[in-house]
Amino acid sequence: MSVGIIGHYRCGEHNMGEHHPESGKRLTAISDQLIRSGLDYVVRQFDANPIDKSLFNLAHTQEYIDFVYNNAPQDGDENFTVGEDSIMNAKTLTSIQLSAGAVIDAVDLVMNKTLGSAFCTTRPPGHHAEHNKGMGFCFFNNVAIAAAYAKQKYGLKRVAIVDFDVHHGNGTEDIIKNHFNDDAGYLFCSSYQYPLYPFEITESDTPPIINTPLAATDKGEQFRQKLTEHWLPALHKFKPEIIFISAGFDAHIEDDMSQISLTEADYRWITDELKVIAEIYSEGRIVSVLEGGYSLSALGRSVVAHINGLIGN
């Protein structure tokens, strides 16, 4: 089955400031590289639908949801800061709804076999958003919402979320621990540079949390070795019925957000490994969601490598 890309031009309108690294230029860079690579003719492309507000409750408290909605700026209003570093302008709420809605759409398209796998090229990102607060450029946790949705709507028993962003997916871990009510049906694997934001992370090899820290000096060889030792055995043992990917590309050697030195080949490698696991246990079902990645050229090239891996080119 085919691979799809789900996004919306309005996700580019969320603006946290002229020089902020999490900008709409990221989506433009991805689009440009997809065209340059010829992949825009290979994948199926879909416009995201806005999420039903009630679905935010799958991963977040009603109090926090109301806080974001009630403080969302309107045209002419000043920006509003959620948490320490997640800034809303008048376009942000629409971008939030479409970013989260894209992942819900991806679940439906993959589960009904319209697509074999999907990549959501959206923003704002989500993996730092905890069950009751936003942080780290994130407002709502797109992946966690969609994972719970997949279980609720389609009755899946075992859902894996893997996160190779250079920053730990603290929000996803928090939601699994504090909002999913000890549901044993999740496995979360996260690799990240340590120490680095959000800093207070505990290494773990005990499901449902597999936290795999990387040193600032690590390159592709160490990344591949550690994920082979820690992630892959846990995923094979878990036998996921669907795999979600928090796909952050900010560990790239050209990205100033970190000191780890990965390349497009490393992102292709982990995509290939996850695709093998999905084909064994999940009928090939993968839903991947953009998180970090701030060096524009490296981001675009890494996404192309990732999508080629989903396709199997």
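As a starting point, this report considers the structure included with it.

What counts, and where the lines are drawn
- Residues numbered from 1 in each chain as written.
- Predicted model: local features only at pLDDT ≥ 70, side-chain atom pairs only at ≥ 80, totals over all residues.
- Heavy atoms only, no water.
- Helix = DSSP H or I, 4+ residues; strand = E, 2+ residues; numbered from the N terminus.
- Rg over C-alpha atoms; globule rule 2.2 N^0.38 Å.
- Buried < 20%, exposed > 50% of the residue type's maximum accessible area, 1.4 Å probe, protein only.
- Lys, Arg positive; Asp, Glu negative; His and termini not counted.
- Charge placed at Lys NZ, Arg CZ, Asp CG, Glu CD.
- Core = buried A, V, L, I, M, F, W, Y, C linked by side-chain atoms within 4.5 Å.
- Contact = heavy atoms within 4.5 Å.
- Salt bridge = Lys/Arg side-chain N within 4 Å of Asp/Glu carboxyl O.
- Pairing = 2+ DSSP bridges.
- Axes fitted to C-alpha atoms, helices over the stretch in contact; angles between N-to-C directions.
- 1 Å grid on protein atoms, 1.4 Å probe; cavity = no way out; pocket = protein on both sides within 12 Å on 5 of 7 lines; lining within 4 Å.
- Points joined across faces, edges and corners; volume = space filled by probe spheres on them.
- Nonpolar A, V, L, I, M, F, W, Y, C, P; charged D, E, K, R; others polar.
- Parallel < 35°, antiparallel > 145°, perpendicular 65-115°, else oblique.
- Left-handed = near helix turned anticlockwise from the far one by under 90°.
- Arc of directions from axis to C-beta.
- Phe/Tyr/Trp six-rings, centres within 6.5 Å; stacked < 30°, edge-to-face > 60°.
- Lys NZ or Arg CZ within 6 Å of the ring centre and 35° of its normal.

### What to know about the overall build of the protein chain
In terms of regular secondary structure, the protein chain is built from eight helices and 11 strands. The C-alpha radius of gyration computed for the protein chain amounts to 17 Å, which stays within 12% of the reference 20 Å derived for 313 residues, consistent with globular compactness. Summarising its shape, the C-alpha atoms of the protein chain cover approximately 50 × 45 × 40 Å along the three principal directions. The buried share of the protein chain, reckoned over its 313 residues, is 61%. For the protein chain, the distance from the average position of its 24 positive side-chain charges to the average position of its 41 negative side-chain charges is 7 Å.

### Brief notes about the nonpolar core
Counting 97 residues, the largest nonpolar core has F56, F140, F164, W231, L235, F244 and I307 as its most contacted members. Considering every element that reaches this core, the biggest residue donor is helix α3 (residues 92-111), with 12 residues. Once you skip the residues sitting within four places of it in the chain, F56 turns out to touch I51, I65, Y69, I96, A100, F140 and I145.

### Let's talk about the pattern of salt bridges
Within this structure, the stated rule accounts for 13 salt bridges. R301 is paired through a salt bridge with E254; the nearest N and O atoms lie 2.7 Å apart. Here E254 lies in the loop between β10 (242-247) and α7 (264-281) and R301 lies in helix α8 (residues 296-311), a separation of 47 residues in the sequence. On the basis of relative accessibility, which here comes to 23%, the residue R301 falls in the partly exposed class.

### Side note on the sheet that holds strand β5 (residues 117-120)
The strand order β2-β1-β5-β11-β10-β6-β7-β9-β8 describes an open sheet built from nine strands, whose pairing is mixed. Each having just a single partner strand, β2 (44-47) and β8 (204-206) make up the two edges of the open sheet. Recorded for the sheet is a direction-independent mean angle of 15° between the axes of neighbouring strands. Both β10 and strand β11 (residues 286-290) contribute to a ladder of five bridges, which runs parallel. Looking at the pairing, F244 lines up with V287 of β11. Each of β6 (159-163), β10 and β11 is contacted by α7, which is oriented at about 160° to β10, the strand it contacts most.

### Observations concerning empty space enclosed by the protein
In the structure shown here, the tally under the stated rule is one cavity of 30 Å³ or more. Taken as a whole, the largest cavity encloses approximately 30 Å³ of empty space. Every residue lining the largest cavity is listed: F164, D165, V166, S191, Y192, Q193, L214, F223, A251, I260 and L262. In terms of residue count, strand β7 (residues 186-193) provides more of the lining of the largest cavity than any other element does, three residues in total. Here the residues of the lining of the largest cavity are counted per class, giving eight nonpolar, two polar and one charged.

### Description of the packing of helix α1 (residues 25-37) against α8
The contact between α1 and α8 brings their axes to 8 Å, and the two run at 55°. Relative to α8, the element α1 lies oblique. The two elements α1 and α8 cross, and the hand of that crossing is right-handed. Counting all contacts with α1, which are made through K25, R26, A29, I30, Q33, L34 and S37, the residues of α8 involved are L296, S297, L299, G300, R301, V303, V304 and I307.

### Section: helix α2 (residues 62-71)
Among the residues making up α2, those that are buried are Y64, I65, V68 and Y69. Buried positions in α2, seen along its axis, are confined to an arc of 130° and lie on one side of it. In α2, the exposed positions that point more than 90 degrees away from the buried face belong to E63 and N70. Buried residues in α2 make contact with β3 (80-82), β4 (86-88) and α3.

### Focus: the packing of aromatic side chains
Counted under the stated rule, the structure contains 13 aromatic pairs. Both rings, one in Y149 and one in Y154, keep their centres 6.4 Å apart while their planes meet at 85°; by these two values the pair is edge-to-face. Owing to a relative accessible area of 28%, Y154 belongs among the partly exposed residues under this scheme. Aromatic ring contacts, followed pair by pair, group F56, Y64, F67, Y69, F80 and F140 into a single cluster. The ring centre of Y69 lies 4.3 Å from the NZ or CZ of K53, which sits over that ring. Positioned above the aromatic ring of Y186 is the side chain of K151, whose terminal nitrogen or guanidinium carbon lies 4.6 Å from the ring centre.

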